Amino acid sequence: MSETRSDGELLRAIAADGDRHAFEELYRRYAPWLTARMRSRCADAGIVDDVVQETFLAVWRGSARYREEGDVAGWLWRIGARRLVDAIRGDGARGRLRQALARLRHRDEASAEERVLTGVEHGDLAGALTRLSPELRAVLQATVIDGLTTREAAVLLGIPPGTVKTRAQRARKQLREALA
């Protein structure tokens, strides 16, 4: 009977040699857990399955590199969570196709987003937004414009959820003061 390899050994074998058996073992070890965790965040099983596959594909292709900091489950979760946010926001292939088709259908018609952004660029809000620190603007972008939850924004920005909440409150306060 062969000895069970550690997660680090599996990842090193995948990265160094393209070891298919190591990859399959890592997949068997973590795919069910990652799928269950993703399904608690997204009800669309098709999106979840795509995201899990994309996560492991990134590991296989080497576009996601494990730096041996923290546990492998957390590392895989960060990769998957980013991909889930992208999929939910429509940045996946289906989303890009829908956006391209929508642009073809409504070429002369300004989108709601374009109308709002035009108002932002030429109004008092634009100046108030530019005076915010980059950290506060990033939180507003993620939570208000992109419509992400606090948890999703935390994953996307790589900061704790509590920090997202604090920065969002601070940004809103500064905007209220600037626009009053």
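Everything discussed here concerns the structure shown above.
In this text, all values refer to a predicted model and were calculated from it rather than measured experimentally.

1. Here's the deal with the side chain of Thr55
Piece 1. Following the sequence through the fold, Thr55 ends up in helix H3 (residues 45-61).
Piece 2. By relative accessible area, which is 0% here, Thr55 ends up buried.
Piece 3. At 2.8 Å, the side chain of Thr55 forms a polar contact with the backbone oxygen of Val51.
Piece 4. Residue contacts for Thr55: discarding those within four places in its chain leaves Leu34, Leu76, Ile79, Gly80 and Arg83.

2. Focus: H3
Piece 1. Given a rise of 1.5 Å per residue, 17 residues ought to cover 24 Å, and the 24 Å separating the end C-alpha atoms of H3 matches this to within 8%.
Piece 2. All of the buried residues along H3 are Ile47, Val48, Val51, Val52, Thr55, Phe56, Ala58 and Val59. For H3, the arc enclosing every buried residue in end-on projection is 160°, short of the 170-degree limit, so these residues lie on one face.
Piece 3. Measuring from the side-chain oxygen of the N-cap residue of H3 to the backbone nitrogen of Gly46 gives 2.9 Å; that N-cap residue is Asp44.
Piece 4. Gly62 occupies a position one or two residues after H3 and carries a positive phi of about 85°.

3. Description of the pattern of salt bridges
Piece 1. Taken as a whole and judged by the stated rule, the model has 6 salt bridges.
Piece 2. Note that Arg29 is salt-bridged to Glu25, the shortest N-O span being 2.6 Å. Pair noted here: Arg29 and Glu25 are both in helix H2 (residues 20-39), with a separation of 4 residues, about one helical turn.
Piece 3. Owing to a relative accessible area of 30%, Arg29 belongs among the partly exposed residues under this scheme.
Piece 4. For Asp49, the salt bridge identified is with Arg39, shortest N-O distance 3.0 Å. Taken together, the residues span a long stretch of sequence, with Asp49 in helix H3 and Arg39 in helix H2 at a distance of 10 residues.
Piece 5. For Arg39, a relative accessible area of 43% puts it in the partly exposed group.
Piece 6. One salt-bridge network, in which partners are shared between bridges, spans Asp7, Glu25 and Arg29.

4. Notes on the packing of helix H8 (residues 134-145) against helix H9 (residues 150-157)
Piece 1. The interhelical angle for the contact between H8 and H9, taken along N-to-C directions, is 130°, at an axis separation of 9 Å. In terms of orientation, H8 and H9 fall into the oblique class. Note that H8 runs across H9; the crossing there is right-handed. Residues Ala138, Val139, Ala142 and Thr143 of H8 touch H9, and the partners they reach there are Ala153, Leu156 and Leu157.
Piece 2. A per-class count over the contact of H8 with H9 returns 6 nonpolar, 1 polar and no charged.

The rules behind the values
- Residues numbered from 1 in each chain as written.
- Predicted model: local features only at pLDDT ≥ 70, side-chain atom pairs only at ≥ 80, totals over all residues.
- Heavy atoms only, no water.
- Helix = DSSP H or I, 4+ residues; strand = E, 2+ residues; numbered from the N terminus.
- Buried < 20%, exposed > 50% of the residue type's maximum accessible area, 1.4 Å probe, protein only.
- Polar contact = N/O pair within 3.5 Å; in protein donor to acceptor, adjacent residues only side chain to side chain.
- Contact = heavy atoms within 4.5 Å.
- Expected span 1.5 Å × (residues − 1).
- Arc of directions from axis to C-beta.
- Salt bridge = Lys/Arg side-chain N within 4 Å of Asp/Glu carboxyl O.
- Axes fitted to C-alpha atoms, helices over the stretch in contact; angles between N-to-C directions.
- Parallel < 35°, antiparallel > 145°, perpendicular 65-115°, else oblique.
- Left-handed = near helix turned anticlockwise from the far one by under 90°.
- Nonpolar A, V, L, I, M, F, W, Y, C, P; charged D, E, K, R; others polar.

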